[in-house]
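Structural overview
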Amino acid sequence: MTVESHFENHKSVIETELTKAKEIVLIAVAWINFKEYFDIFKNVLANSAKLKIVCSDNWQNRSHQSSIDALVKLGAEIKLLKMPRQTNHMHHKFSVIDNKTILNGSFNWSPNATSSFENIIVIKDLPIEVTKFINEFGKLLKIEAKAIRVLQKVKKCTEANCDGEIFNILVFSENNQYYEVFGDIIEVCISCENHKTLENCVSNTQIEHMLNAYQDSNDDYETELIDRDINRLLNSYVKGPITIHAIGRVKSGLRYDDEDYEETNIIWKNKFVGNRLPDKFDNTTFGVVYDN
Ligand SMILES: [Zn+2]
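Keep in mind the model is a prediction, meaning the values are calculated, not measured. (Residues numbered from 1 in each chain as written. Predicted model: local features only at pLDDT ≥ 70, side-chain atom pairs only at ≥ 80, totals over all residues. Heavy atoms only, no water.)

Around the zinc ion, the protein supplies Cys 157 (SG), Cys 162 (SG), Cys 189 (SG) and Cys 192 (SG) as donor atoms, at distances of 2.2 to 2.4 Å. Taken together, the 4 donor atoms coordinating the zinc ion and their angles of 105 to 119° define a geometry best described as tetrahedral. All donor residues of the zinc ion come from one chain, and their arrangement in sequence is C-x4-C-x26-C-x2-C. Of the two residues, Cys 162 is situated in the loop between strand 8 (155–156) and strand 9 (165–172) and Cys 192 in the loop between strand 10 (182–189) and strand 11 (195–203); the sequence distance between them amounts to 30 residues. Using a relative accessible area of 13% as the deciding quantity, one classes Cys 162 as buried. (Donors = N, O, S within 2.8 Å, 3.2 Å for Na, K, Ca; no water. Tetrahedral: all angles 85-135°; square planar, octahedral: opposite > 155°, others 65-115°. Helix = DSSP H or I, 4+ residues; strand = E, 2+ residues; numbered from the N terminus. Buried < 20%, exposed > 50% of the residue type's maximum accessible area, 1.4 Å probe, protein only.)

Shown next as structure tokens:
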């Protein structure tokens, strides 16, 4: 058994090991620059080895769709994985070559990663560990579909003549002074807006900076990490198996036509159901009123 650690030249370490493949290469890495690694992957296939890749379904990976398509045409199996919960988040960075060499470490296979303090470890001839990594690879392929189905299963409204979907939204009261603000968790039908309160007096103090960072972020990687933290925190807010699908803030004031208005703006949405939720609810605060 041998173990080597590398803190630089990650790409050439990967290239050296992948080029040796004769049977099969498994790769589970969250971020891969397929353009940059295209020739290396192509060579694996040219050597008649199988190539199976699982990576995260994110904007960066999708931007290499033409390289991905070309590799698939050459025989590669490539899966962009959607992971619904932080506990299942795709953060893997490993590869198994010919069922005997493991590459593992903190290194995403993208040029960005080379500039930070990343490492990659090459482990050879340690069969027990190889089995664990191969099992993990198989698990990655299986959990996705099931977990997303559970999350996307949303309750239906029971009001007469309404078949709307019911979502759980954490609604914070209006924040004028940036002190501690409270909110309620509301179960709402997005068609008829019939709603009830599931939980009172949830404080914003823990989540506020995450929401600000989420709104300010324009980097996909960073957004995904913040998203993960938000989901984790939300899980601690609720008793029992409730998923919070979105977070909103009440806003009120005087409109241009001198009429008072109040509304609830949605500032964060769970990415697996978010496209089914509106960006704001007009004329309602869901009864969320706390004095600041
Ligand atoms: Zn309804």
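In this section: helix 1 (residues 10–19). Those residues of helix 1 that sit buried are His 10, Val 13, Ile 14, Glu 17 and Leu 18. Seen from one end, helix 1 has its buried residues packed into an arc of 120°, which puts them on one side. (Arc of directions from axis to C-beta.)

Let us now look at the domain arrangement of the chain. Taken domain by domain, the chain consists of domain 1 (2–152) and domain 2 (155–282). Placing a centre on the C-alpha atoms of domain 1 and another on those of domain 2 gives a separation of 35 Å. (Domains from an automatic or database assignment.)

We now examine the nonpolar core. The biggest cluster of nonpolar side chains holds 29 residues, and the ones touching the most others in it are Leu 18, Ile 27, Ile 32, Phe 34, Phe 41, Leu 51 and Trp 109. Take this core: its biggest share by element is 7 residues, from helix 2 (residues 34–46). If we skip the residues at most four places from it in the chain, Ile 27 touches Leu 18, Ile 32, Phe 41, Leu 51, Lys 52, Ile 53, Val 54, Phe 94, Ser 95, Trp 109 and Phe 137. Within the second largest apolar cluster, 18 residues are counted, among which are Leu 170, Val 181, Leu 233 and Ile 244. (Core = buried A, V, L, I, M, F, W, Y, C linked by side-chain atoms within 4.5 Å. Contact = heavy atoms within 4.5 Å.)

Here we come to the packing of aromatic side chains. The tally for this structure, following the rule as stated, stands at 7 aromatic pairs. On the numbers, 5.2 Å between centres and 75° between planes, the contact of Phe 281 with Phe 286 is edge-to-face. Look at Phe 286 and you get buried, because its relative accessible area is 3%. Here the aromatic cluster, defined as three or more aromatic residues joined through ring pairs, consists of Phe 34, Tyr 37, Phe 41 and Trp 109. Over the ring of Tyr 37 we find Lys 11; its NZ or CZ atom is 5.8 Å from the centre of that ring. (Phe/Tyr/Trp six-rings, centres within 6.5 Å; stacked < 30°, edge-to-face > 60°. Lys NZ or Arg CZ within 6 Å of the ring centre and 35° of its normal.)

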